[in-house]
Amino acid sequence: MTATVKYDEVEVGQELAPADYQVRRVNLVMYAGASGDFNPIHWNERFARTVGLPDVIAHGMFTMAQAGRFVTDWAGDPGAVVDYGVRFSSMVVVPDDDTGATITVSGVVEEKLDDNRVVIGLTAKATDARVLSKARAVVQLA
């Protein structure tokens, strides 16, 4: 499988349409099971508050994964992402209700490299707070 986006059809400065990812407590429990990270700050409100958090928070790597999903959905092939990194800049607080939290991810083509690769700069926000910073992905395009 290869990327469906063609290198010749993207330009520096091109914006990638934002996408919303809903996060509910059940998603955090499923992620904990998959990752093995059962830290109670990710599922136990009482514990999260005792350590000074406003509520249960999403795993940082869960948040990073949503931004990675944004890139792979855009590229059309998870294998097209050849490099990916972020810094965590804020928490995604996930209330215990039917809505949870929303992570909104958007991107922009920052640079075109050799060999049909592009650098995508990513923005990820939850409740207007930027939750990832220095988020970049290098993607191998068709």
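Residues numbered from 1 in each chain as written. Predicted model: local features only at pLDDT ≥ 70, side-chain atom pairs only at ≥ 80, totals over all residues. Heavy atoms only, no water.

Visitor: Please clarify how the pattern of salt bridges should be interpreted in this entry.
Guide: Pairs can form between side chains of opposite charge whenever their charged atoms are close. Throughout the structure, instances matching the rule amount to five salt bridges. Ionic pairing is found between Asp55 and Arg25, a salt bridge with its closest N-O pair at 2.7 Å. Placement of the pair is Asp55 in the loop between α2 (45-50) and α3 (60-75) and Arg25 in helix α1 (residues 25-35), with a sequence separation of 30 residues. Just as Asp55 is buried, Arg25 falls in that class too. (Salt bridge = Lys/Arg side-chain N within 4 Å of Asp/Glu carboxyl O. Helix = DSSP H or I, 4+ residues; strand = E, 2+ residues; numbered from the N terminus. Buried < 20%, exposed > 50% of the residue type's maximum accessible area, 1.4 Å probe, protein only.)

Visitor: Please clarify how α3 should be interpreted in this entry.
Guide: Since one α-helical turn is 3.6 residues long, residues separated by three or four positions face the same way. For α3, with 16 residues, the first-to-last C-alpha span of 23 Å sits near the 22 Å given by 1.5 Å per residue. Within the sequence span of α3, burial applies to Phe62, Thr63, Met64, Gln66, Ala67, Gly68, Phe70, Val71, Thr72, Trp74 and Ala75. Buried residues along α3 sit against β1 (15-23), α1, β2 (81-88), β3 (101-112), β4 (117-126) and β5 (129-140). Once α3 ends, the next one or two residues include Gly76, with phi positive near 90°. (Expected span 1.5 Å × (residues − 1). Contact = heavy atoms within 4.5 Å.)

Visitor: Quick question: what am I supposed to make of the side chain of Arg25 here?
Guide: Assessed through its relative accessible area of 13%, Arg25 is described here as buried. Leaving out residues up to four positions away in the same chain, Arg25 has contacts with Trp43, Glu45, Asp55, Val56, Val94, Pro95 and Asp96.

Visitor: Would you take a moment to explain the sheet that holds β4 for this structure?
Guide: Note on sheets: strands pair through backbone hydrogen bonds, and any given pair is parallel or antiparallel. The strand order across the open sheet built from five strands is β1-β3-β4-β5-β2, with neighbouring strands paired in antiparallel fashion. Two strands bound the open sheet, and with one partner strand each, they are β1 and β2. Within the sheet, the average angular offset between the axes of one strand and its neighbour, ignoring direction, is 20°. Bridge count for β4 against β5 is nine bridges, and the pairing is antiparallel. (Pairing = 2+ DSSP bridges. Axes fitted to C-alpha atoms, helices over the stretch in contact; angles between N-to-C directions.)

Visitor: Would you take a moment to explain the packing of aromatic side chains for this structure?
Guide: The full count for this structure, using the stated rule, is one aromatic pair. Geometrically, the ring pair formed by Tyr31 and Phe62 is edge-to-face, given 5.5 Å between the ring centres and 85° between the ring planes. Here Phe62 lies in helix α3 and Tyr31 lies in helix α1, a separation of 31 residues in the sequence. Residue Tyr31 is classed as partly exposed on the basis of its relative accessible area of 21%. Across from the ring centre of Tyr7, 4.3 Å away, lies the NZ or CZ of Lys112, which sits over that ring. (Phe/Tyr/Trp six-rings, centres within 6.5 Å; stacked < 30°, edge-to-face > 60°. Lys NZ or Arg CZ within 6 Å of the ring centre and 35° of its normal.)

Visitor: Just to check I follow, could you spell out the pairing of β3 for this structure?
Guide: For a regular strand, the rule is simple: side chains alternate between the two faces of the sheet. Looking at chain direction, β1 and β3 are connected through seven bridges and run antiparallel. Within β3, the residue paired with Glu15 across the bridge is Val108. Both β3 and β4 contribute to a ladder of eight bridges, which runs antiparallel. Note that in β4 the partner of Val109 across the bridge is Ile120. Taking the residues that link successive antiparallel strands as the turn, the β3-β4 hairpin has four residues, and the phi of Asp115 there is positive, at about 60°.

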